[in-house]
Amino acid sequence: MKVSQIKLRGLGQTPETDWITLDPHLTTIHFQKPFEYTGFFRAIETINPPYNCQAVQPFADYPKIIKKNGLTKLVSPEKRTIILSIFEASSDLVHHLADISSLFYETDKIEVGRRFDHSRWTNFIELPSSTRWSEVSADIFSLLDSNLIPEKRAGFRYVLEALVPSDRIKGDLMNSLSRWLNEMMSAAPQKEQLLHPLLLKVNRAQYFKQARALLDKHLPLFVRIDIGDGDTNSSCSSLSRLLDIYEKRITTIHPGMDRQDLSFVERLDREFSELAFLEPDIHICSDKNDIKPIISYKGQRYKKITMLDNILQVQIISALAIVLSRILYSSDPLLIFENSGQKTVPESQWSLIKQIKKIADHCQCIFGTGNNEIFSKEHDGIHYRQEEIIKEKVRAR
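What you see is a predicted model, and the numbers here were worked out from it, not measured in a lab.

Quick notes on the rules
One numbering rule holds for all chains: residues counted from 1, following each sequence as written. Totals for whole chains, interfaces and linings use every residue, but because this is a predicted model, local features are given only for residues with pLDDT of at least 70 and side-chain atom pairs only at 80 or more, for both listing and counting. Values reported for side chains reflect all heavy atoms of the structure, with hydrogen atoms and water molecules removed beforehand. Put simply, two rings from Phe, Tyr or Trp (the six-membered ring, in Trp's case) pair if the centres are within 6.5 Å, and we call them stacked under 30 degrees between planes, edge-to-face over 60, tilted for the rest. Only protein chains enter the area calculation, which uses a 1.4 Å probe; residues under 20% of their type maximum are buried, those over 50% are exposed, and those in between are partly exposed. Helix numbering and strand numbering both begin at the N terminus, where a helix is a DSSP run of H or I of at least 4 residues and a strand a DSSP run of E of at least 2. Each C-beta atom gives one direction from the helix axis, and the arc is the one those directions make. With a 1 Å grid spanning the protein atoms alone, the term cavity applies to any set of points in which a 1.4 Å probe fits but cannot get out, the term pocket to an open set with protein on both sides within 12 Å along at least five of seven lines, and the term lining residue to any residue with an atom within 4 Å of a point. Grid points are joined across faces, edges and corners, and a volume is the space filled by probe spheres set on the points. Any two strands are treated as partners once DSSP identifies two or more bridges connecting them. A fitted line through C-alpha atoms serves as each axis, taken over the contacting stretch for helices, and the angle formed by two N-to-C directions is quoted from 0 to 180°. As used in this record, nonpolar core signifies buried Ala, Val, Leu, Ile, Met, Phe, Trp, Tyr and Cys residues forming a set joined through side-chain atoms within 4.5 Å. Contact definition: two residues touch when any of their heavy atoms are within 4.5 Å. For this document, the term salt bridge refers to a Lys or Arg side-chain nitrogen within 4 Å of an Asp or Glu carboxyl oxygen. Polar contact criterion, stated in full: a pair of N or O atoms within 3.5 Å, where within protein one must be able to donate a hydrogen and the other to accept it, and residues adjacent in sequence count only if both atoms are side-chain atoms. In these notes the angle categories are as follows: under 35 degrees is roughly parallel, over 145 is roughly antiparallel, 65 to 115 is roughly perpendicular, and the rest is oblique. Crossings are assigned a handedness: left-handed for a near helix turned anticlockwise from the far helix by less than a right angle, right-handed for a clockwise turn. The residue classification treats Ala, Val, Leu, Ile, Met, Phe, Trp, Tyr, Cys and Pro as nonpolar and Asp, Glu, Lys and Arg as charged. All others, Gly included, are polar. Between the first and last residue of a helix there are one fewer steps than residues, each counted as 1.5 Å, and that sum is the expected span.

## Some words on the packing of aromatic side chains
For step 1, the next point in the chain: Tallied over the full model, the rule gives 10 aromatic pairs.
For step 2, the next point in the chain: Measuring from ring centre to ring centre gives 5.2 Å for Phe59 and Tyr62, while their planes differ by 40°; the resulting arrangement is tilted. The same class applies to Phe59 as to Tyr62, namely buried.
For step 3, the next point in the chain: Put simply, the rings of Phe31, Phe40 and Phe41 pair up and form one aromatic cluster.

## Overview of helix 4 (residues 137-145)
For step 1, the next point in the chain: When we look at burial in helix 4, the residues that qualify are Ser137, Ile140, Leu143 and Leu144. The arc enclosing the buried residues of helix 4, seen along the axis, measures out at 130°, which places them on a common side.

## Quick word on the layout of surface pockets
For step 1, the next point in the chain: Counted as a void, the largest pocket has a volume near 250 Å³.
For step 2, the next point in the chain: Taken together, 13 residues line the largest pocket, and the ones lying closest to its centre are Arg9, Ile66, Lys68, Lys73 and Arg80.
For step 3, the next point in the chain: If you list the elements that add at least two residues to the lining of the largest pocket, you get strand 1 (2-11), strand 5 (65-68) and strand 6 (71-74).
For step 4, the next point in the chain: In this structure, the second largest pocket encloses a volume near 170 Å³.
For step 5, the next point in the chain: Contributing to the lining of the second largest pocket are Ser129, Ser130, Lys170, Gly171, Met174, Ala205, Gln206, Phe208, Lys209 and Arg212.
For step 6, the next point in the chain: Among the elements of the structure, helix 6 (171-187) and helix 8 (204-216) are those that each provide at least two residues to the lining of the second largest pocket.
For step 7, the next point in the chain: The leading source of residues in the lining of the second largest pocket is helix 8, at 5 residues.

## Quick look at the sheet that holds strand 18 (residues 382-385)
For step 1, the next point in the chain: Pairing in this open sheet of 5 strands is parallel, and the strands run 12-16-17-4-18 from one edge to the other. Looking at the sheet topology across the chains shown, the edges are occupied by strand 12 (222-226) and strand 18. Geometrically, the sheet is characterised by an average inter-axis angle of 15° between neighbouring strands, direction not taken into account.
For step 2, the next point in the chain: With 4 bridges joining them, strand 4 (residues 26-30) and strand 18 adopt parallel strand pairing. Counterpart to His30 in the pairing with strand 18 is Arg385.

## Comments concerning the nonpolar core
For step 1, the next point in the chain: In this structure, Tyr246, Leu268, Phe272, Leu320, Leu335, Phe337 and Ile359 are the most contacted members of the largest nonpolar core, which totals 46 residues.
For step 2, the next point in the chain: Broken down by element, the residue count for this core peaks at 12 residues, all from helix 11 (residues 310-329).
For step 3, the next point in the chain: Apart from residues lying up to four places away in sequence, Tyr246 is in contact with Leu268, Phe272, Ile284, Leu320, Val323 and Leu324.
For step 4, the next point in the chain: Counting residues in each nonpolar core, the second largest holds 45 residues, with Leu11, Ile110, Leu219 and Leu334 among its members.

## Focus: the pattern of salt bridges
For step 1, the next point in the chain: All chains considered together, the criterion is met by 8 salt bridges.
For step 2, the next point in the chain: A salt bridge links Arg120 to Asp216, with the shortest nitrogen-to-oxygen separation between them at 3.1 Å. Separated by 96 residues along the polypeptide, Arg120 in strand 9 (residues 120-124) and Asp216 in helix 8 bring together distant segments of the chain.
For step 3, the next point in the chain: The exposure class of Asp216 is partly exposed, given its relative accessible area of 36%.
For step 4, the next point in the chain: The partner of Arg224 in a salt bridge is Glu338, with the nearest N and O atoms 2.9 Å apart. One end of the pair, Arg224, is in strand 12; the other, Glu338, is in strand 16 (residues 334-339), with 114 residues separating them in the sequence.

## Description of the side chain of Asp23
For step 1, the next point in the chain: Examined against the element boundaries, Asp23 turns out to sit in the loop between strand 3 (20-21) and strand 4.
For step 2, the next point in the chain: Side-chain polar atoms of Asp23 contact the backbone nitrogen of Leu26, separated by 3.1 Å.
For step 3, the next point in the chain: Excluding residues within four positions of it along the chain, Asp23 makes contact with Gln364, Gly381 and Ile382.

## Observations regarding unusual backbone geometry
For step 1, the next point in the chain: Unusually for a residue other than glycine, Gln57 sits at a positive phi of about 50°.
For step 2, the next point in the chain: The topology assignment puts Gln57 in the loop between helix 2 (53-56) and strand 5.
For step 3, the next point in the chain: When its relative accessible area of 38% is taken as the criterion, Gln57 is described as partly exposed.

## Focus: the packing of helix 4 against helix 7 (residues 192-202)
For step 1, the next point in the chain: Following both chains from N to C, one finds helix 4 and helix 7 inclined at 135°, their axes separated by 11 Å at the closest point. The angle between the axes of helix 4 and helix 7 places the two elements in the oblique class. For the element pair helix 4 and helix 7, the recorded crossing hand is left-handed. Residues Asp139, Ile140 and Leu143 of helix 4 pack against Leu194, Leu195 and Leu198 of helix 7.
For step 2, the next point in the chain: Among the residues forming the contact of helix 4 with helix 7, the class breakdown is 5 nonpolar, no polar and 1 charged.

## Things to note about helix 6
For step 1, the next point in the chain: In this model helix 6 runs 25 Å from its N-terminal to its C-terminal C-alpha over 17 residues, within 8% of the 24 Å that 1.5 Å per residue would give.
For step 2, the next point in the chain: All buried positions along helix 6 are accounted for by Leu173, Met174, Leu177, Ser178, Trp180, Leu181, Met184 and Met185.

## Observations regarding the packing of helix 3 (residues 91-100) against helix 8
For step 1, the next point in the chain: Contact geometry for helix 3 and helix 8: axes closest at 9 Å, N-to-C directions at 150°. Judged on the interaxial angle alone, helix 8 and helix 3 are roughly antiparallel. In the crossing of helix 3 with helix 8, the sense of the turn from one axis to the other is right-handed. Seen from helix 3, the contacting residues are Leu93, His96, Leu97 and Ile100; seen from helix 8, they are Tyr207, Gln210, Ala211, Leu214 and Leu215.
For step 2, the next point in the chain: Its residues placed into classes, the contact of helix 3 with helix 8 shows 7 nonpolar, 2 polar and no charged.

These figures come from the coordinates and say nothing about function on their own.
Here it is as structure tokens:
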């Protein structure tokens, strides 16, 4: 899955934006006030971060009251979306979704958002996730009048007549109608041509529930890497979180476990070796007390990534994110490189920027920077300036 567009609703440290189209490889954004918009990158990462949003709560310090156009408004965390994104599903994923229901052939665009209360929602663009009562009511009442299952008629009609046309068929109503239609199909198999499409409409909400569960397993990992002034020590939190996920996955892999689990370590080695930008060799080592990467570079072994120079650190953190996303989610990640430091670019940093371009050949990347010089030189992908995407900030208290 690739992210085609993102949009921020604006609250607290997060600015409000228009829809921002992302390049499949590299999107560069120049901020005049980079420190003011640190929340921009943090919000994007929350779509599928390397941490539990409910536990970390990245929006916890956001204001719950805003002022706009002279009016004061109370924000409802369970209703207010902070970040929206649109994904384009791969053809393989569309086929997997169509195994749930053929209606998923009708779109490959999926919208995913993260709310202020840190919950995540998913919609299939142009596909309603449940059926209105008005779409099936005439057929349902016609079947009731046919008296095929008379013992169900009186009580069931009483419940259905209380519904209004706009009511959505889901929850207990969906379960009751689905059960009744299946009983009807057993009692009158000659009516299958009528009952089957009706059953598909009634069960629509259940199909979407299954589809969302499938998407959760294919949503790319979003990882923010703060390269600051070229000092990737500020990205130790990203590194730590990635290694925590590796640890949780690998702790089940010990002697005595089945061969299928052991294949995970073998695949790690294979995936790392296929990343053309990665110069060091990475091996994930596990013992009874610790999970850690062992880095080999030019004949030397390093137990700590911070012992290497900045470019190699970026390579390793990016590689850990790419491989993890491919294995856990069957998707390349979105890497968010935040360069919030100097407004001039030291010569040493141009090598780092060139490295990010190489990484973008392997996965989708966003490069946010306060360095205007980057825009004066030849660059790849889509680029934006702050004023092209950021709307006027809403006052909060």
